Protein chains: 2
Amino acid sequence: MTNPAQDAPAASGPAALKVALLGGGTVGSQAARILTEDAEALRDRVGAPLELTGIAVRSRGAERDWRADPALYTTDAEALVDGADIVIELMGGIEPARTLIRRALAAGTSVITGNKALLAQHGEELFALASETGAQLSFEAAVAGAIPILRPLRDSLSGDTVTRVMGIANGTTNFILDRMDTEGADFADALAEAQRLGYAEADPTADVGGLDAAAKAAILATLSFGAPYTLDDVAVEGITAITAEDNAAAADAGYVIKLLAIAERATAEDGTSGAVLRVHPTLLPREHPLASVRGAYNAVFVEAENAGQLMFYGPGAGGAPTASAVMGDVVSIAQRIVRGGPARLRTPVAHLPALDAAEASTSCMVVLHVADEPGVLRRVAAVFEEHGVSLETLRQVQSDRAAAPGASLRLITHRARQRDLDATVDALAALDAVHEVVSVLKVEGN
Amino acid sequence: MTNPAQDAPAASGPAALKVALLGGGTVGSQAARILTEDAEALRDRVGAPLELTGIAVRSRGAERDWRADPALYTTDAEALVDGADIVIELMGGIEPARTLIRRALAAGTSVITGNKALLAQHGEELFALASETGAQLSFEAAVAGAIPILRPLRDSLSGDTVTRVMGIANGTTNFILDRMDTEGADFADALAEAQRLGYAEADPTADVGGLDAAAKAAILATLSFGAPYTLDDVAVEGITAITAEDNAAAADAGYVIKLLAIAERATAEDGTSGAVLRVHPTLLPREHPLASVRGAYNAVFVEAENAGQLMFYGPGAGGAPTASAVMGDVVSIAQRIVRGGPARLRTPVAHLPALDAAEASTSCMVVLHVADEPGVLRRVAAVFEEHGVSLETLRQVQSDRAAAPGASLRLITHRARQRDLDATVDALAALDAVHEVVSVLKVEGN
Ligand SMILES: NC(=O)c1ccc[n+]([C@@H]2O[C@H](COP(=O)([O-])OP(=O)(O)OC[C@H]3O[C@@H](n4cnc5c(N)ncnc54)[C@H](OP(=O)(O)O)[C@@H]3O)[C@@H](O)[C@H]2O)c1
Ligand SMILES: NC(=O)c1ccc[n+]([C@@H]2O[C@H](COP(=O)([O-])OP(=O)(O)OC[C@H]3O[C@@H](n4cnc5c(N)ncnc54)[C@H](OP(=O)(O)O)[C@@H]3O)[C@@H](O)[C@H]2O)c1
């Protein structure tokens, strides 16, 4: 083996830490590159060399973005885990990742993973196992790619109370929405362009359907509120139904549409304190800091009681950026092993139940196509009043429906409970004078 | 005393940690409020109650944003330090802050400070003392107010190499430049407005002269490159010379002017590797993430080899936001005391010498008022060529000088060494055909 970490003088200095890498794909190959090329700097920071002992893959002969010493590739992931001081899991998927991580943690070996799907489904079980054996389970790369968000939320804000987190957590959908906004493209064309440029996968379902963002919403909520949440706690709506007409209406009103992963403290109608987790296309005022996050970039916007409004911005994906986040976790864990001392204790678990998304408080933009006759405005306004939803603006607008007889109305509400907003829209659709509910979009950041 | 932290059941649970607060002003009174009002949440997170044992002030009867139990205020700061487990220094200034912090660290007591002026001048001495005695010296609030930047730079990016940090690190100057940009105001009017609204102090010298930003540049560089830097290493230029005409030229070329604190790795002409630290008004393209940071907000833009471009955004000052950052440090230190284990070791000191700012590589926008005669363009372009500076754009523009005979030229260079750019401008000023060098501004983020 030609791992440069082994070139460190063997007589002096502490023994090398054995690092097992599970996965040598987009992110794994970059982690292998950094472990190899930056071995000297890493040794200085850790206080001991990091020795890459092997890379578990499906096929030893596959193409790699970066190639390590061929002798390092192996298909025996279990043997690799068993000999390691630190395990990096970058395989993706549920199995065998879950079983391999359990195997490491059970032996007291700390694990770094970028696997958001696994954490959003089985995180609680894995964290429980880690705290039993005193191993660490670190996952910065699973939250927002390269954006350092784990330590800010967990440590920097540990003397404050986070009330809400809103993230642009999926680069594919952000790229598509961006194209729809700047070029007036419709969804299908923007998706096709994203696929052509490599920003969207051949099967884009998890991205455009909002599932990837939902996994991140669950992890962000867990980090922010200290209680365990899973994918099942997240109300998910993707971007497939967004039309060029929605975009035009948003632009005309001074907004931009972003797919947001939102986790916030809320109080249910019955008084229960809890958290609401949701992913949906959202109107943001053009001057909101999240509104100018373009293309494949991600950002996380945090509101805390004392700190106020913070934002963290950076590449949400990509081999080298994601590997940077992985390596930050590796160095932290390696430093702790070298220095000794107790593992980071799990923060005591808070009890903040997930509430139904109908309990969320949000505002809404509704575009209606209505009959052009006396009394329509009054009847529409009455429906909002009956449901206890107050209006911020109501104005007649131009729309594509202008050709049809009738008029278009654009209404923006004040904050109200989601349940009441939904009931209002149902009642509007049932009005005779309303020909069509053209667009209903949630608004945040006003 | 009525500190709620003491209401914790005394029989069970670990003993309270005694917290001494030095300073009860803008930030100190908010730290006292959080320690009092959020005592229960803090106890849960730390694993032991935090007991506020006293607040050292100059005058016990002074007005406070938030008032603690009157019995807590004291003018005997030394006695307070001597009985403490944790000391929070929020007095500001060099003395007595420096002596009190030394007293605490010498006794092995960890200290949290928000004092950027002190750190930029005497940081090295204080950190050396801390590592001798095993005490911690934490300073998140000194870098960019409430923005979590210390842990991202120190921990999250510990597996990567930071190449450049650019910060909007002073809210007062950002507010003034913002007004000049959006309202075409000149410097004096914008400063007067900032003072009227409470964003600038009666004596604004440290802000508008760039010294506050320079202290932060030194701290950011220390965090990013692991070597100690002081205020003396920073080349400083404030915003007092910025004119409405500079702003108009910037806007016309698609830029906005921001006061940036910049720390970057550089290689000097003689081949020495080092860091350049500088603070100056800077042209940023309007679409750069830092360009939309408005008013009193701060932001830090980080470039790292693998992570790429990251940005951290939030309130750079204010009592409650700054106290949030302070309390994050308090909780981290308190957790370590409760859990036991070694203090965080000092990262080994890197050897990256501060280089003269003339070694920086940057680009430049120059506006010239020139004679309107044949051959001028050629002679101007020749000056750039002689100094090895290549031009990105050169165009004739409208300017306020239009009334005078002659023409205005706007030139933007490619990246070149600062020394060569300075020599170029001197040579341009000496040309007969150049009536006036109207504006010279550095450009970043292109
Ligand atoms: N890509 C990103 O930008 C990004 C960003 C954030 C987080 N992540 C997360 O990082 C993880 C890795 O992503 P990636 O993009 O690097 O994936 P990838 O390119 O598909 O690479 C997966 C690697 O794991 C190996 N592997 C998969 N199943 C295996 C099995 N059963 N046994 C042995 N090896 C197996 C593959 O081997 P072969 O090479 O032989 O096929 C491949 O080397 C995922 O959890 C992903 O969600 C990725
Ligand atoms: N304000 C911000 O937004 C902000 C943001 C980031 C960092 N910081 C830093 O935080 C620190 C505190 O700032 P601040 O705005 O809170 O200052 P401040 O409002 O002027 O408060 C200073 C406090 O220290 C006390 N004090 C000063 N000298 C003293 C002495 N010799 N003996 C005893 N007590 C003394 C004062 O007592 P009296 O009350 O009796 O006068 C006052 O309570 C500074 O280092 C500052 O740079 C501030």
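Residues numbered from 1 in each chain as written. Chains lettered and ligands numbered in written order. Predicted model: local features only at pLDDT ≥ 70, side-chain atom pairs only at ≥ 80, totals over all residues. Heavy atoms only, no water.

1. Some remarks on the overall build of chain A
No. 1: The secondary structure content of chain A amounts to 15 helices and 17 strands.
No. 2: On C-alpha atoms alone, chain A measures out to a radius of gyration of 25 Å, which is about the 22 Å that the 2.2 N^0.38 rule sets for 446 residues.
No. 3: Taken along the three principal axes of its C-alpha coordinates, chain A extends 90 × 50 × 35 Å.
No. 4: Out of the 446 residues belonging to chain A, those deemed buried represent 57%.
No. 5: If you take every contact in chain A between residues at least 6 apart in sequence, the share linking residues at least 24 apart comes to 74%.
No. 6: Within the structure as shown, chain A displays about 17,100 Å² of accessible surface, and the carbon and sulfur contribution to it stands at 49%.
No. 7: Separation between the mean location of the 36 positive side-chain charges and that of the 58 negative ones in chain A comes to 5 Å. (Helix = DSSP H or I, 4+ residues; strand = E, 2+ residues; numbered from the N terminus. Rg over C-alpha atoms; globule rule 2.2 N^0.38 Å. Buried < 20%, exposed > 50% of the residue type's maximum accessible area, 1.4 Å probe, protein only. Contact = heavy atoms within 4.5 Å. Areas by Shrake-Rupley, 256 points an atom, 1.4 Å probe, with all protein chains shown as cover. Lys, Arg positive; Asp, Glu negative; His and termini not counted. Charge placed at Lys NZ, Arg CZ, Asp CG, Glu CD.)

2. Regarding the site of ligand 1
Residues and elements named next belong to chain A.
No. 1: Around ligand 1, the surrounding shell holds 21 residues, and the nearest of these are G24, V27, S59, R64 and G318.
No. 2: Here an oxygen atom of ligand 1 and a backbone polar atom of V27 are 2.8 Å apart.
No. 3: Between ligand 1 and R64, the relevant distance is 2.5 Å, taken from an oxygen atom to a side-chain nitrogen or oxygen of the residue.
No. 4: In isolation ligand 1 exposes 900 Å². Once the protein is present, 77% of that is buried.
No. 5: Taken together, the residues that form the shell around ligand 1 break down as 8 nonpolar, 10 polar and 3 charged. (Near = heavy atom within 4 Å. Polar contact = N/O pair within 3.5 Å; in protein donor to acceptor, adjacent residues only side chain to side chain. Nonpolar A, V, L, I, M, F, W, Y, C, P; charged D, E, K, R; others polar.)

3. A look at the domain arrangement of chain A
No. 1: Segmentation of chain A into domains returns domain 1 (4-145 + 320-339), domain 2 (150-315) and domain 3 (360-443).
No. 2: In this structure, domain 1 of chain A and domain 3 of chain A have C-alpha centres spaced 53 Å apart. (Domains from an automatic or database assignment.)

4. Description of the sheet that holds strand β5 (residues 110-113) of chain A
Residue and element names in this part refer to chain A.
No. 1: Strand order in this open sheet of 6 strands is β3-β2-β1-β4-β5-β6, and the pairing throughout is parallel. Each edge of the sheet is formed by a strand with only one pairing partner; in this case those strands are β3 (73-74) and β6 (137-138).
No. 2: Across the sheet, helix α4 (residues 97-106) touches β1 (17-22), β4 (86-89), β5 and β6, and the angle it forms with β5 is around 150°. (Pairing = 2+ DSSP bridges. Axes fitted to C-alpha atoms, helices over the stretch in contact; angles between N-to-C directions.)

5. Overview of helix α13 (residues 319-339) of chain B
All names here are of chain B.
No. 1: With 21 residues, α13 extends 30 Å from end C-alpha to end C-alpha; this agrees with the ideal 30 Å at 1.5 Å per step.
No. 2: Burial analysis of α13 places 17 of its 21 residues in the buried class, the great majority of the element.
No. 3: Positive backbone phi, at 75°, marks G340, one or two positions downstream of α13. (Expected span 1.5 Å × (residues − 1).)

6. So, the packing of aromatic side chains
All names here are of chain A.
No. 1: A complete count under the given rule lists 7 aromatic pairs over all chains for this structure.
No. 2: With 4.5 Å between their ring centres and 35° between their planes, F175 and Y199 make a pair best called tilted. With a gap of 24 residues between them, F175 in helix α8 (residues 171-183) and Y199 in the loop between α9 (187-196) and α10 (205-208) connect regions that are remote in the sequence. (Phe/Tyr/Trp six-rings, centres within 6.5 Å; stacked < 30°, edge-to-face > 60°.)

7. Considerations on the interface of chain A and chain B
No. 1: Residue-level contacts link 45 residues of chain A with 46 residues of chain B.
No. 2: Taking both partners together, chain A and chain B bury about 3,700 Å²; carbon and sulfur atoms supply 52% of that area.
No. 3: Of all residues in chain A, A:N306, A:Y313 and A:R339 bury the most surface against chain B, accounting for 17% of the area lost on that side.
No. 4: There are 0 salt bridges connecting chain A and chain B. (Buried area = accessible area lost by both parts, 1.4 Å probe. Salt bridge = Lys/Arg side-chain N within 4 Å of Asp/Glu carboxyl O.)

8. Some words on the pairing of strand β2 (residues 50-56) of chain B
All names here are of chain B.
No. 1: Taken across its 7 residues, β2 has 6 buried, putting it largely inside the fold.
No. 2: Across 6 bridges, the pairing between strand β1 (residues 17-22) and β2 is parallel. The residue of β2 that forms the bridge with L21 is I55.

9. Points about the site of ligand 2
Residue and element names in this part refer to chain B.
No. 1: Taken together, 21 residues lie near ligand 2, and G24, V27, S59, R64 and G318 sit nearest.
No. 2: Between V27 and ligand 2, the recorded distance is 2.8 Å, taken from a backbone N or O atom to an oxygen atom.
No. 3: Relative to its unbound accessible surface of 900 Å², ligand 2 loses 77% to contact with the protein.
No. 4: By residue class, the composition of the shell around ligand 2 is 8 nonpolar, 10 polar and 3 charged.

10. Some thoughts on the environment of A:G184
No. 1: Positionally, A:G184 belongs in the loop between α8 and α9.
No. 2: Among all residues touching A:G184, those that are not within four sequence positions of it are A:R179 and A:A244.

11. Things to note about the sheet that holds strand β5 (residues 110-113) of chain B
Residues and elements named next belong to chain B.
No. 1: As summarised here, the arrangement of the 6 strands in space is β3-β2-β1-β4-β5-β6, forming an open sheet in which the pairing is parallel. For this open sheet the edge positions go to β3 (73-74) and β6 (137-138), each flanked by a neighbour on one side alone.
No. 2: Of the pairings in the sheet, the one linking β1 to strand β4 (residues 86-89) comprises 4 bridges and is parallel in character. Bridge pairing in β4 links L21 to I88.

12. Quick notes on the pattern of salt bridges
Residue and element names in this part refer to chain B.
No. 1: For the structure on display, the rule yields 52 salt bridges over all chains.
No. 2: Here R102 and E125 are joined by a salt bridge, their closest N and O atoms 3.0 Å apart. A residue pair is termed long-range when its members are at least 10 positions apart, and R102 in helix α4 (residues 97-106) and E125 in helix α5 (residues 116-133) qualify at 23 residues.
No. 3: Between R164 and E264 there is a salt bridge, with its nearest N and O atoms 3.0 Å apart. On the criterion of sequence distance, the pair formed by R164 in strand β7 (residues 162-168) and E264 in strand β9 (residues 255-267) is long-range, its members being 100 residues apart. For the pair R164 and E264, one class covers both residues: buried.

13. Considering the relation of the copies chain A and chain B
No. 1: Under the fitted operation, chain A is carried onto chain B by 0.0 Å of movement along the axis and a turn of 180°, and the coordinates agree to an RMSD of 0.0 Å. Such a turn and shift between the copies fits a two-fold axis.
No. 2: An overlap of 100% is found between the interface residues of chain A and their copies at the interface of chain B, pointing to a shared contact surface. (Least-squares fit on C-alpha atoms with pLDDT ≥ 70 in both.)

14. Points about the nonpolar core
No. 1: In this structure, A:V302 and B:V302 are the most contacted members of the largest nonpolar core, which totals 172 residues.
No. 2: Setting aside chain neighbours within four positions, we find A:V302 in contact with A:I149, A:L153, A:L157, A:V162, A:R164, A:V165, A:G308, A:Q309, A:L310 and A:F312. (Core = buried A, V, L, I, M, F, W, Y, C linked by side-chain atoms within 4.5 Å.)

15. Here's the deal with the packing of helix α2 (residues 39-46) of chain B against α13(B)
Residues and elements named next belong to chain B.
No. 1: Interaxial distance between α2 and α13 falls to 9 Å at its minimum, and their mutual angle equals 45°. When the axis of α2 is compared with that of α13, the two are oblique. The crossing of α2 and α13 is right-handed. Contacts between α2 and α13 involve L42, R45 and V46 from the first element and M327, V331, A334, Q335 and V338 from the second.
No. 2: Class assignment for the residues of the contact of α2 with α13 results in 6 nonpolar, 1 polar and 1 charged. (Parallel < 35°, antiparallel > 145°, perpendicular 65-115°, else oblique. Left-handed = near helix turned anticlockwise from the far one by under 90°.)

16. With respect to the side chain of A:H288
All names here are of chain A.
No. 1: Relative to the assigned elements, H288 resides in the loop between β10 (273-285) and β11 (297-304).
No. 2: Here H288 falls in the buried class, since its relative accessible area comes to 7%.
No. 3: H288 has contacts with M166, F301 and G445, leaving out every residue within four places of it along the chain.

17. Side note on the packing of α4(B) against α5(B)
Residues and elements named next belong to chain B.
No. 1: Interhelical geometry of α4 versus α5 gives an angle of 15° and a closest axis separation of 9 Å. Considered as vectors, α4 and α5 are oriented roughly parallel to each other. As α4 packs across α5, the resulting crossing turns out to be right-handed. Packed against α4, whose contacting residues are A97, R98, I101, R102, L105 and A106, the element α5 presents L118, H122, E125, L126, L129, A130 and T133 at the interface.
No. 2: A class-by-class count of the residues in the contact of α4 with α5 yields 8 nonpolar, 2 polar and 3 charged.

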